[in-house]
Amino acid sequence: MSGPWTRRARRAAAVLAALAGWQLLAQYRVHLWLRFGQFPTVTETAGEFVRRLGTAAYWQDVTESLTRIVSGFALAAVLGVAVGTAVARSPLAADLLGPLLEVLRPIPAIALVPVAILLFPSNEQGIVFITFAAAFFPVTVSTRHAVRAVTPVWEEAVLTMGGGRWRVLRSVVLPGALPGILGGLSVGIGVSWICVISAEMISGEYGVGYRTWQDYTIVDYPGVFVGMATIGLLGRLTAKAVELTGRRLVRWLPRTEGSQAPVRRPPAEAPPVGRVPAQTGPARIREQV
């Protein structure tokens, strides 16, 4: 079994190998079926990256893009979980919202740019709306499926012991569906980045996507690659933040074999004579209600 340091070394080697291949192909202007004649080299891109890190315009673009992502994704997370839970739990909500969601869900969020331009008074609000729409449907669909997959026996146990519907929702449904909801959030943050960058390219005034497109129009290819690298880094950081938040919320789940910190279970021991084993299942729920 490979240890954590071995895996990190393999990942670092894979990244270095990709960078070395890029450097060689661009430096020697390789032109086979793919054309690398106009590609900037790794060193040229790195030099431009370092130069832009010292400019106020770069950080303004990063701030604008992050603000749009956080605003749109936060709205999508809250409303997506609420709507997905309502559709899964309420036949009335499923009848009223279900058909509408299924009709709107296949429409790409970036296709809503004309709608956003007509609907909102400013480009900024329109870009946040597109970011929201991109994450809303993955979160809603994953929440709906996760809530429906919760084992009914625990809900019935809470109801039998006097718990109300809100207690069932808070203590059984949402905790049980949380792993599936987090999967939808992880997908949603990635799709949000794709759409916010596309929207910035089309109708933005600032932002990483806007700056990348501007560099392309003036044939500044090192700047284009700096923008691409910035998008990748920001996307990775936000996805990691969602992942770490999810890990903290599901600390109570047993770790899988591939996790970095598996739970060590103590060896099974027989209970001492005269001591009653700890209660589990419905009896344990009775103590919490």
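Residues numbered from 1 in each chain as written. Predicted model: local features only at pLDDT ≥ 70, side-chain atom pairs only at ≥ 80, totals over all residues. Heavy atoms only, no water.

Visitor: What should I look at first to understand the overall build of the protein chain in this one?
Guide: The secondary structure content of the protein chain amounts to 11 helices and 0 strands. Ordered by position in the sequence, the α and β elements of the protein chain form the string α-α-α-α-α-α-α-α-α-α-α. Taking all 289 residues of the protein chain together, 33% fall into the buried category. Expressed as a percentage of contacts within the protein chain between residues at least 6 apart in sequence, the contacts between residues at least 24 apart total 69%. (Helix = DSSP H or I, 4+ residues; strand = E, 2+ residues; numbered from the N terminus. Buried < 20%, exposed > 50% of the residue type's maximum accessible area, 1.4 Å probe, protein only. Contact = heavy atoms within 4.5 Å.)

Visitor: Explain the side chain of Arg52 here, please?
Guide: Among the secondary structure elements, Arg52 is positioned in helix H2 (residues 42-53). Given the relative accessible area of 10%, Arg52 is considered buried. With sequence-adjacent residues up to four places away left out, Arg52 is seen in contact with Tyr58, Arg211, Asp215, Asp220, Gly223 and Val226.

Visitor: Mind showing me how you'd approach a positive patch on the surface here?
Guide: Residues Arg7, Arg8, Arg10, Arg11 and Arg236 make up a contiguous surface patch of positive charge. Of all the elements, helix H1 (residues 4-27) adds the most residues to the positive patch, at 4 residues. With respect to the element layout, Arg11 can be found in helix H1. (Patch = residues over 30% accessible without salt bridge, like charges linked within 9 Å, V, L, I, M, F, W, Y side chains within 5 Å. Areas by Shrake-Rupley, 256 points an atom, 1.4 Å probe, with all protein chains shown as cover. Salt bridge = Lys/Arg side-chain N within 4 Å of Asp/Glu carboxyl O. Lys, Arg positive; Asp, Glu negative; His and termini not counted. Charge placed at Lys NZ, Arg CZ, Asp CG, Glu CD.)

Visitor: Help me out: how do you make sense of the environment of Arg68 in this one?
Guide: Within the secondary structure layout, Arg68 lies in helix H3 (residues 56-89). Linking Arg68 and Ser192, residues 124 residues apart in sequence, is a C-alpha distance of 9.6 Å. Setting aside chain neighbours within four positions, we find Arg68 in contact with Glu124, Ile127, Val128, Thr131, Val196, Glu200, Tyr206 and Gly207. A polar contact of 2.7 Å, which involves the side chain of Arg68, links it to the backbone oxygen of Tyr206. (Polar contact = N/O pair within 3.5 Å; in protein donor to acceptor, adjacent residues only side chain to side chain.)

Visitor: Explanation requested: the packing of aromatic side chains in the structure shown.
Guide: Aromatic ring pairs: the centre-centre distance and the angle between the two ring planes describe each pair. In total, this model carries 9 aromatic pairs according to the counting rule given. For the ring pair Phe39 and Phe225, a centre distance of 5.1 Å and an interplane angle of 65 degrees mean the geometry is edge-to-face. You can see Phe39 sitting in the loop between H1 and H2 and its partner Phe225 sitting in helix H10 (residues 221-249), a full 186 residues away along the chain. Ring centres of Trp213 and Tyr216 lie 5.3 Å apart, and the angle between their planes is 35 degrees; on these two criteria the pair is classed as tilted. Remark: Tyr216 and Trp213 occur in helix H9 (residues 208-217); sequence separation between them is 3 residues, near one turn of the helix. Overall, Trp213 belongs to the partly exposed group, its relative accessible area being 39%. Three or more aromatic residues link up through ring pairs in this structure, and these residues are Trp22, Phe36, Phe39 and Phe225. The side chain of Arg8 reaches across the aromatic face of Trp5, ending 4.9 Å from its centre. (Phe/Tyr/Trp six-rings, centres within 6.5 Å; stacked < 30°, edge-to-face > 60°. Lys NZ or Arg CZ within 6 Å of the ring centre and 35° of its normal.)

In short, the description is geometric, and any link to function would need to be established separately.
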